[in-house]
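In case you want the letters, here they are:
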Amino acid sequence: MKNLSTAAISVLDLAKVADGKSLADTYAHSKHLAQHVEKLGYTRFWLAEHHNIEGIASAATSILIGYIAEHTTAIRVGSGGIMLPNHSPMIIAEQFGTLESLYPGRIDLGLGRAPGSDQQTMRAIRGRNAGHENDFGDLIEELKYCFAPAEPGQKIKAIPGNGIKVPMYILGSSLYSAQLAARLGLPYAFAGHFAPAMMMQAFDVYRSMYTPTKDHPQPYVMMGIPVVAADTDEKAKYLSTSIQQAFLGIIKGNRKLNSPPVEDMDKLWTPAEREHVQSMLGMLVTGNAKTVREKLDKFIESTQADELIITSDTYHPEDRLRSYELIAQAKAL
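Since this is a predicted model, take the numbers as computed values, not measurements.

Student: Any details on the pairing of strand β3 (residues 76-83)? Residues and values, ideally.
Tutor: With eight of its eight residues buried, β3 lies for the most part within the structure. Across four bridges, the pairing between strand β2 (residues 44-47) and β3 is parallel. Residue pairing across strands places tryptophan 46 opposite glycine 78, the latter belonging to β3. Note on the crossover from β2 through helix α2 (residues 61-70) to β3: the handedness is right-handed. Taken together, β3, helix α3 (residues 89-102) and strand β4 (residues 107-112) form a β-α-β motif whose crossover is right-handed.

Student: So what's going on with α2? Which residues, and what values?
Tutor: Of all 10 residues making up α2, seven are buried, and the element is well covered by its neighbours. Among the residues making up α2, those that are buried are Thr61, Ser62, Leu64, Ile65, Gly66, Ile68 and Ala69. Check the buried side of α2 and you find it contacts α1 (23-40), β2, β3, α3 and β4.

Student: Describe the packing of α3 against helix α5 (residues 136-147), and please don't skip the residues or the numbers.
Tutor: Relative to each other, α3 and α5 sit at 45°, their axes nearing to 9 Å. When the axes of α3 and α5 are compared, the pair comes out oblique. When the axes of α3 and α5 are compared, the crossing they make is right-handed. On the side of α3, the interface is formed by Pro89, Met90, Ile92, Ala93, Phe96 and Gly97, while α5 contributes Leu139, Glu142, Leu143, Cys146 and Phe147. Classifying every residue of the contact of α3 with α5 by side-chain character gives nine nonpolar, one polar and one charged.

Student: Describe the pattern of salt bridges, listing the residues and the values that go with them.
Tutor: Taken as a whole and assessed by the stated rule, the structure comprises 14 salt bridges. Between aspartate 231 and arginine 322 there is a salt bridge, with its nearest N and O atoms 2.5 Å apart. Here arginine 322 lies in helix α12 (residues 317-332) and aspartate 231 lies in the loop between β7 (221-229) and α8 (233-239), a separation of 91 residues in the sequence. We classify aspartate 231 as partly exposed; its relative accessible area is 46%. A residue is classified by how much of its surface remains accessible, and arginine 322, at 26% relative accessible area, is partly exposed. For lysine 235, the salt bridge is made with aspartate 319, and the minimal N-O distance between the two is 3.8 Å. Of this pair, lysine 235 sits in helix α8 while aspartate 319 sits in helix α12, placing them 84 residues apart in sequence. Classification of aspartate 319 as buried rests on a relative accessible area of 12%. Among the charged side chains, a network of salt bridges with common partners joins Arg44, Arg76, Asp108 and Glu307.

Conventions adopted
Residues numbered from 1 in each chain as written. Predicted model: local features only at pLDDT ≥ 70, side-chain atom pairs only at ≥ 80, totals over all residues. Heavy atoms only, no water. Buried < 20%, exposed > 50% of the residue type's maximum accessible area, 1.4 Å probe, protein only. Helix = DSSP H or I, 4+ residues; strand = E, 2+ residues; numbered from the N terminus. Pairing = 2+ DSSP bridges. Right-handed = clockwise from strand over helix to strand, strands pointing away. Contact = heavy atoms within 4.5 Å. Axes fitted to C-alpha atoms, helices over the stretch in contact; angles between N-to-C directions. Parallel < 35°, antiparallel > 145°, perpendicular 65-115°, else oblique. Left-handed = near helix turned anticlockwise from the far one by under 90°. Nonpolar A, V, L, I, M, F, W, Y, C, P; charged D, E, K, R; others polar. Salt bridge = Lys/Arg side-chain N within 4 Å of Asp/Glu carboxyl O.

This is the structure we're talking about:
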């Protein structure tokens, strides 16, 4: 039976900027976090592409991946994910072909189809292509072609890229992404850390429709999940209010820098806002190592997930380091 002991554990980092901290501080903390979780035995460290969002500094995702890979030695580093419709597949092949050449055997390419921001920002990112919506599946096929060995006489090549093997993962929060990952025979990561509503149905669709491939003969399910661990259940619940404030800002259209935890969220949200936030954070796990172990075991038992992609967005960097340390301890219990 699958449980936390059998599942791989990994990290999703948004390079969140805390109130009072600089971008340089944020990137330094991401580096320290990656080094910390590498020592703890985490499988991979992913960074997510977002744009024009106050408090999230991971817009130049490929550059940050290189920065993290340069300062670690063994942990896999990649995107969770690159929002492929924002980019030319050839450019992504060149970027990740370069990364894989510099850090062989350590680079992951997780792919999503959302813009990673609002519609106005999307138009600014995509420029003249903003009004032309390419099919996500077609873009992935074009990207795969860019990574394939060059054919005789091929005039346009991704250099580096052609002939370089970079593992791909499909990210999503819908049945569309589940069906696409199944059709392509690729691992599937569901965004349960912010949109858990369709997760169980998506996993069922993915597994039932899965097409085995040479590299992935079996379906592989990755579950994004928010976890805040602390030395006591009470402290963990308190620290998690920083995440709740961030999601409250999303629904109120008032995104801001990562905020300190508070004693009473009821002073900040209305009952309707609380319900909305709690629906988005329906998978939030808080507690000490023992409590986290019990809760994560239940999630894994119900989903049969192969890997957890964990966000743990506390306000203070030391609390975040401690949270991932306790999660690793929970896995060893």
